[in-house]
Amino acid sequence: MNSITSPQLAAMLVISDLFALMCYNGGLSAYTAVGLAFGIGLQYVMVMPLVKAADKGKTLPKSVKFLLAVGIVLWGGALLGGLWKAADITFVPYENAGGFLGKLEITAMVAAVSLYVAYEGTKAAARSSLIAAFTGVIFLLTDFISGMRPSNFGNISLSAQYGTFMDGLRLSFLSGGSLIAFIALLPCVKGSKNKAAAMYFLCRGILSAAVVMTAVLVTGGIMDTADFPVIMSAQLSQPFSSQRIDALFLILFAVFGVFAITVQVMTAAFLAGEIFSRFRRWRCTAAIALSLLAMGLFTGCTSTGQVSDKSYVRCLGTDGKTVTLSFFSDERIITAEGEDISSALAEAEITAGRPVVTGFTELMILGDCDRKAVLEDMLKEWKVSPSCMVMYSGDPEFTIKNTDPSLLEGRLKEAVRQGKAPRCDIVTVLGNMQE
Amino acid sequence: MHGLETSLEKSIDKIKRISGGSSDVLVNRFVTGGISCALICCDGMASSSVMSELIFEPITGISAKNDAPELFHHISGELLLSVDRPEVRDYPTLFRLIHSGFAVLLAEGMDYGLGFGVQGYASRGVQEPSGEGNIMGAHEGFTETVRTNMSQLRRRLKSPELVMEMMIKGSKSNTDICLCYMKDRVPPALMERIRRSLDRTDLEAVLTTGYLRPFTEEKRYRIFNTTGTTERPDVLCSKLIEGRVAILVDGIPYAIVIPRLFCENFQTLDDYAYKPYYAVFIRWLKYSAFLLAVFLPALYTAIVMYHPELLNSTLLMILVDAEKEAPLSILTEALFVLLMYEIIREAGVRLPKPTGGAVSIISGLIIGDAAVKSGLVSTPLLTVTALAVLGGLVVPDIAPQITVLRFLFLLAGGMFGLFGISLLSCAVLANVCASENYGFPYTAPFSPFKASGMADTAVREGMEKLQSRGFTVEEYHE
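Thresholds, definitions, all that
Residues numbered from 1 in each chain as written. Chains lettered and ligands numbered in written order. Predicted model: local features only at pLDDT ≥ 70, side-chain atom pairs only at ≥ 80, totals over all residues. Heavy atoms only, no water. Contact = heavy atoms within 4.5 Å. Buried area = accessible area lost by both parts, 1.4 Å probe. Salt bridge = Lys/Arg side-chain N within 4 Å of Asp/Glu carboxyl O. Polar contact = N/O pair within 3.5 Å; in protein donor to acceptor, adjacent residues only side chain to side chain. pLDDT = per-residue confidence, 0-100. Helix = DSSP H or I, 4+ residues; strand = E, 2+ residues; numbered from the N terminus. Patch = residues over 30% accessible without salt bridge, like charges linked within 9 Å, V, L, I, M, F, W, Y side chains within 5 Å. Areas by Shrake-Rupley, 256 points an atom, 1.4 Å probe, with all protein chains shown as cover. Buried < 20%, exposed > 50% of the residue type's maximum accessible area, 1.4 Å probe, protein only. Phe/Tyr/Trp six-rings, centres within 6.5 Å; stacked < 30°, edge-to-face > 60°. Lys NZ or Arg CZ within 6 Å of the ring centre and 35° of its normal.

**Some points on the interface of chain A and chain B**
At the interface, 37 residues of chain A touch 31 residues of chain B. When the two sides are added together, the surface that chain A and chain B hide from each other amounts to roughly 2800 Å², 67% of it contributed by carbon and sulfur. In this structure, the connection of chain A to chain B is made through five salt bridges. In this structure, B:Glu478 engages A:Arg127 in a salt bridge whose closest nitrogen and oxygen atoms are separated by 2.7 Å. The interface formed by chain A and chain B includes seven residue pairs in polar contact (both at pLDDT 80 or more).

**Description of the confidence of the model for chain B**
Averaged over all residues, the pLDDT of chain B is 88; the fraction at 70 or higher stands at 99%. Mean pLDDT across the secondary structure elements of chain B bottoms out at helix α12 (residues 353–373) of chain B, with 75, and peaks at strand β9 (residues 245–249) of chain B, with 96.

**Some remarks on a nonpolar patch on the surface**
All names here are of chain A. A cluster of nonpolar residues, Tyr 31, Val 34, Phe 38, Leu 42, Met 46, Phe 165, Met 166 and Phe 173, forms a patch on the protein surface that exposes about 770 Å² of accessible area. Counting residues per element, the nonpolar patch draws most heavily on helix α2 (residues 30–55), which supplies five residues. Examined against the element boundaries, Tyr 31 turns out to sit in helix α2. Take Tyr 31: its relative accessible area is 49%, and that puts it in the partly exposed class.

**Topic: the packing of aromatic side chains**
Residues and elements named next belong to chain B. For the structure shown, the criterion picks out 21 aromatic pairs over all chains. With a centroid separation of 5.1 Å and 80° between ring planes, the pair formed by Tyr 274 and Tyr 278 is classed as edge-to-face. On the basis of relative accessibility, which here comes to 25%, the residue Tyr 274 falls in the partly exposed class. Each member of the aromatic cluster is reached from another via a ring pair, and the members are Phe 224, Phe 262, Phe 266, Trp 284, Tyr 287, Phe 290, Tyr 442 and Phe 446. One Lys or Arg, Arg 89, reaches over the ring of Tyr 112 and ends 4.5 Å from the middle of that ring.

Have a look at this one:
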């Protein structure tokens, strides 16, 4: 691998760290900033033995390099995952950003450009990272200065509840995957490795703390509504009063995304070359392919969302046009109306603010309606479980709202077990209706 | 081909056979000192008056000699017939010399000839360069004659450190090439690499600098040239003093300069004639013009199409009003205007000068005015495009690259908004940063960053500080 200078190494890795911070979707506070800076300082102390060894010309054993390669591929996957998640809230043309295909298009384009940059070589990536980092620092400084309004200072105390010192410390390690790249690339640095390490950790500490503080100052008051506090702070900060400049942040997001992923790809390719000396061609392509695979593992990019982002129906009552739902992990009982059961359930998703999953429904209470049609619809379209029990009530909404669904379900099961009530699972009921 | 014959008749026969009886190869037979001789030259390449005065008159007056070697010894040792007197031992050399304006003397019984430099071909005189405008500097430019160009350099650098190595390239053209460098500024290893690169050439002819430049640049595809050209001897001298290497080619009024850095596209000799504050202003104006030239149409298209919130309401309403009447999409409009400009520019460059005026009238008044009035193109877009095109003219050395990049960025911005522009910027930046020439990074001193290099790139410090710096391009070598 070609040699690079200390500022170039610092630029490459800091871009990667800042991009990880941009994709961070937890709460931030001034305590987090302190914890983050402390964690970075701690990491500096921890890597010192490695730095000293590198200064003496010692190299890492192959087994360690292999572990680093695995780590860097996973970190590349995490970065691509961050990009995937943040794609629809950044200003990548609105029309294209949403949905699976939009995210796929954005991630694929960034990955393709990263691959090109990686193939141009280490020197090219290092030199261009330096220019990109310089541009990025100007952006972030503008953002930071615009966030330093006296009216924003109150947000520091408002946001104190959203992050602790320990959160910051944890964040410094979780978002510091480029530490692996630092260890791997250290032998390629010209001159003193100690100086390179000091420069990287200093730049990383200052810039990370500045970015977190900008987010705290700008979004502190509404931190709980911010999915990605750093991105939101850039979107909300207004250096010029007459216009919105948040779309400009997209440039920084895209550029940092490209270089962050490039660094991971390049480092993984470099380590692959060190471990398998005969593996010369397609190293970068293999690295990015593995990172994309890792991204799939992290984000489950083909699914429609996180498992925790859905409401699971426990009990459903309907009279054909109105549905009343009680959930497993939600105390709310939602009632929604529609022209038929499907439109009523779609309306219920809007009321719930998240997708409604009916596959785990344990009890359905039917009122006066075309019961056969409703049951067929539930079984075929809404994929309720075949073991879901069915019962009748004159007013399903009243029943659900006034009786604990678990109690109702337990009573029914017991009655069936004792033979006092007929089997009432949806398949049996539907079968009886066919007869 | 073999060495010359000792028989004069055989030599003349062979010359006629090789030249295919070409009518411009002249053979003048005469007897001097009692020995049969022939003076071979090429019609139109040698000066007949110089030949008769400096060669024929002294030679024909030589007293009788015992044999041909004695005759040649007398001519070489006692007659100063011309300054440049190479010995000719084979036919390729003979033909190369006579085609370069030499006269070659052959004698019965001699297996070599004597060449005399009596060039007298018509050539353009030293004139003001047409492409590199300069206000305060010299108004002399290179000509098509390599010797004249060498003399122009020597006049400005009267130092024994300036070395000019002649060589010949082109199997058919036999073009004279001159490698110029300051031997105390350029490492011998670098010179050796450049010579090796030139040795790789296997061209039949060298007719423009473009024939040689690819051999002195990287093989991989790069957007920008890592070698430069100049038609100004004063500019070339400044480059040589900075430790660069130049190649002069006979027949071409441009010198190739190795290596070329990105920042040089924004420097002119005039910068050093003005006060530093003004030079800095002009330099930053050029950097801005470059960015405008490449990005402005793309940013306009991306912002209007995808990110209108970046504009304030007044400006947005103006643009909405302007675009309301336009039948085409903004991207199509922008492409149309840029293509129109490129066609007009190309027509202006290739057409004879008298017709060029007509092209200006047609393009400016008829097409431009009519396009706006007909509503085919909106006025803001035309303004933006004109500004971008003007910006490109401020940095003429990289005008071709600016043109292509402008189109690419326009397409990226039109299709993917600022996101597309950002991604393409990353790719272009990587390509530019990957450009190197003999280990000199094209983007130095910006990246790799050299603080000392900023004195004459980001700003232009005073001459007192610059002279104490003693800069050579070797500082940037990696």
